[in-house]
Structures are given as C-alpha cells and as structure tokens.
Amino acid sequence: MELSIKNLIKLCISICLIAFALLTAGCSKKGTPSALKRANSTSFKEAKISAKGFNAVAMADSVSFDNAEYAMEEEAPMAPREAGGSQEEVFERKLIRTGNVSIEVQSVSDAEEKIAQWAKSLGGYVTNANTWEMGAGFTVRVPSERFDEAMADAGNFGRITNRSVNSQDVSDNYYDIKSRLETKYILRDKLTNYLSQAKDIKDLLEIERQLNSVIEDIESTESRFKRLSNQIDYSTIYIDMHFEHGKNESGIILPDVKESWNTFISNIIAFFWGLLRILFYIVIFGIPVVAVAAFFFWLLFGKVGLLVKLFKKLKK
C-alpha cells in the first residue's frame, strides 16, 4: 500500500511536470510572433539606416520577411520625384518670341517718347524708331516674361488693326551650345594643367597650340551663346503706327485742286508727246520703207515690168 501511494505521488508529480512543460511551450509559441515582429522591426530599422544614401532596391534586399515590401513602397517614390525635378530644370523649353502690331492712331507727334517710356516701364528698350508724314514704326525689346503683357498693352496707343505672334523653339540649339561650352571649359582646364607640368619644349609648344585653339573656340561659342540667350531673354515687338485712311496729323485731308490740275495737264502733255514721237518714227522709218516698196513694184510690175515681161516670154 505504501508503495502504491509513493507511485501515485510520483505519477502526480510527473503529470504536473508534463502539464507545466506543455503550458510553458504554449506560452513560448504565443510569444514568438511579437518577438519575431520586434526582431524584424529592429532588422528593418537597422537595414533602413544602413541603406541610407542607396536606392530602394538595395534597401529592400537588406530587409527580411514582409518588411522588404514595405521598404520598397516607402523609399522607391523618392527617386522618380528627384529625377523628374532635375529633368524639368535641365530641359526647360527655350523660345524666341516675336510680335507684330499694327495700330491706327490719331497722332504720331509724341509717339517716340510714349513708346520709349512704355518700353522702359516693362524693363525693355527701343532699338529702332522711324517717324514719317503718314505714320511711325518702332522696334522694341522687352523681357520675355513680360511679352504677353506688352502685346496686350500695345492696344493702349490706338486701335489695333493687326496683331501676330511668332514663337521659335531653340531648345536643342541652346542646350547643344551650352554642352559644347562646358566640354571646352574642361578641356581648357586640363590643357592649362598640362602646360604647367610640361618639361619638353616640343610638348610645351604643342599643348600651347591646342590651348590657343580651344580658347578661340570658347570665345566664338560664347559669343553665339550670348546672342542666342539675349534673343531668348528679350522678345522683339515691331510696332507700326498709321493714320486712318484719308487723314493726317492735322485731321481730314482735303483734295488738292492745284495738284489735280497740274496732274491733268501733265497727262495731256504726255499723251501728245507720245503721239508726236510715233509720227516722228513713222516719218523717219516709214517713208523710206514705203519708197523702197514702191520702187520694187515699179521695177517688177510697173512701166518697166521686168517680171511681167518674163512671164510673157515663158508663155510663148
């Protein structure tokens, strides 16, 4: 009996130990996900820190489990935005804009002064001004960013009868010249460095020759680039001012009777002078021709009748 009680106690102890072991195993299983999550989170943070400065693909490779997908979604969009911004800056469209405006005005006496003040208010200037009896013409350069404003303000000088705008895209040419300049600057600096290090006279002369050639190319290219940049930065507007038909600076133009009479007399004189010239040519060239024709007729068919006599002989 005593042995049975001891065995029973051992059995109970064994059962308790097994139950405790099973309970401990269950708790450890329940705790594994949060531990794994913490481990993964720590791994992700470390991977994110270690991948700073690299692209999203490298970061994703360094992250384990499902956090790799999260890293791709978080970091990948940054690169396209930065690349897109730089492309917009590098490939900004370059345009040369030209405008033509025809304006009907009442007066051009102070037009030159008004146009000069107007151009100055826009930050531009007048390059050419021409005024005549029946109107005036101006060439104005204004900053390109104020071109549309200038074209709209041109109507303040009078009634616009014609307006046109022309835009020429020179982006390719602009960036091509700019790229060539940057390349030539690098080459110039390298040749300058080589020149300072040259020890052989032959090499020194050859490097100096190449350097002078590059400097000449740079000066020529810079001149072209400045002209093109000026055309891009400042747009040109051609303004033509004219009076209303039949008017001048003082108002309505009345017919000039004296001038009309002089024109009528001049036309009559010109008509008779032309007729006299025709008669003169007839007398000079017509009479000799008629005389020669009459002589041949008299010789062949007239009293002499050489041709008539020849025909009579042939009939016999």
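All of these numbers come straight from a predicted model, not from anything done at the bench. (Residues numbered from 1 in each chain as written. Predicted model: local features only at pLDDT ≥ 70, side-chain atom pairs only at ≥ 80, totals over all residues. Heavy atoms only, no water.)

A. Highlighting the packing of aromatic side chains. Taken as a whole, this structure holds 6 aromatic pairs when the rule is applied. Note on tryptophan 118 and phenylalanine 157: the rings are 5.5 Å apart at their centroids and 85° apart in plane angle, and the pair reads as edge-to-face. Of the two residues, tryptophan 118 is situated in helix H5 (residues 111-121) and phenylalanine 157 in the loop between helix H6 (147-153) and strand E4 (159-169); the sequence distance between them amounts to 39 residues. Note on phenylalanine 157: relative accessible area 21%, which makes it partly exposed. Grouping aromatic residues by their ring pairs yields a cluster made of Tyr174, Tyr175 and Phe225. (Phe/Tyr/Trp six-rings, centres within 6.5 Å; stacked < 30°, edge-to-face > 60°. Helix = DSSP H or I, 4+ residues; strand = E, 2+ residues; numbered from the N terminus. Buried < 20%, exposed > 50% of the residue type's maximum accessible area, 1.4 Å probe, protein only.)

B. Geometry of the pattern of salt bridges. Under the defined criterion, the tally for this structure stands at 10 salt bridges. The partner of lysine 114 in a salt bridge is aspartate 110, and the shortest N-O contact between them spans 3.6 Å. Taking relative accessible area as the criterion, lysine 114 reaches 44% and is therefore assigned partly exposed. Owing to a relative accessible area of 31%, aspartate 110 belongs among the partly exposed residues under this scheme. The salt bridge involving arginine 180 is made with aspartate 176; its shortest N-O contact spans 2.9 Å. Highlighted residues: arginine 180 and aspartate 176, both in helix H7 (residues 171-197), separated by 4 residues, approximately one helical turn. (Salt bridge = Lys/Arg side-chain N within 4 Å of Asp/Glu carboxyl O.)

C. Structural context of the layout of surface pockets. In this model, the largest pocket occupies a volume close to 200 Å³. Every residue along the wall of the largest pocket is listed here: Glu92, Arg93, Lys94, Leu95, Arg97, Ser144, Glu145, Ile232 and Asp233. Where the lining of the largest pocket is concerned, the elements lending two or more residues are strand E1 (95-105) and helix H8 (201-233). (1 Å grid on protein atoms, 1.4 Å probe; cavity = no way out; pocket = protein on both sides within 12 Å on 5 of 7 lines; lining within 4 Å. Points joined across faces, edges and corners; volume = space filled by probe spheres on them.)

D. Focus on H5. When H5 is considered as a whole, its buried residues turn out to be Ala111, Ile115, Trp118 and Ala119. Along the axis of H5, the buried positions cluster into a sector of 95°, meaning they face one direction only. In H5, the exposed positions that point more than 90 degrees away from the buried face belong to Glu113, Gln117 and Lys120. Each element contacted by the buried residues of H5 is listed here: strand E2 (125-132), strand E3 (135-143), H6 and strand E5 (234-243). The positive-phi residue at the C-terminal boundary of H5 is glycine 123, with phi of around 85°. (Arc of directions from axis to C-beta. Contact = heavy atoms within 4.5 Å.)

E. Representation of the sheet that holds E4 in the model. Across the sheet, 5 strands lie side by side as E2-E3-E5-E1-E4; this open sheet has mixed pairing. Both edges of this open sheet fall to E2 and E4, since each of them pairs with a single strand only. On average, each strand axis in the sheet is inclined to that of its neighbour by 10°, with strand direction left out of account. (Pairing = 2+ DSSP bridges. Axes fitted to C-alpha atoms, helices over the stretch in contact; angles between N-to-C directions.)

F. Geometry of the packing of H7 against H8. Close contact between H7 and H8 brings their axes to 9 Å; oriented N to C, the two are set at 155°. As the angle between them shows, H7 and H8 are arranged roughly antiparallel. Relative to H8, the crossing made by H7 is left-handed. Class assignment of the residues belonging to the contact of H7 with H8 gives a composition of 17 nonpolar, 5 polar and 7 charged. (Parallel < 35°, antiparallel > 145°, perpendicular 65-115°, else oblique. Left-handed = near helix turned anticlockwise from the far one by under 90°. Nonpolar A, V, L, I, M, F, W, Y, C, P; charged D, E, K, R; others polar.)

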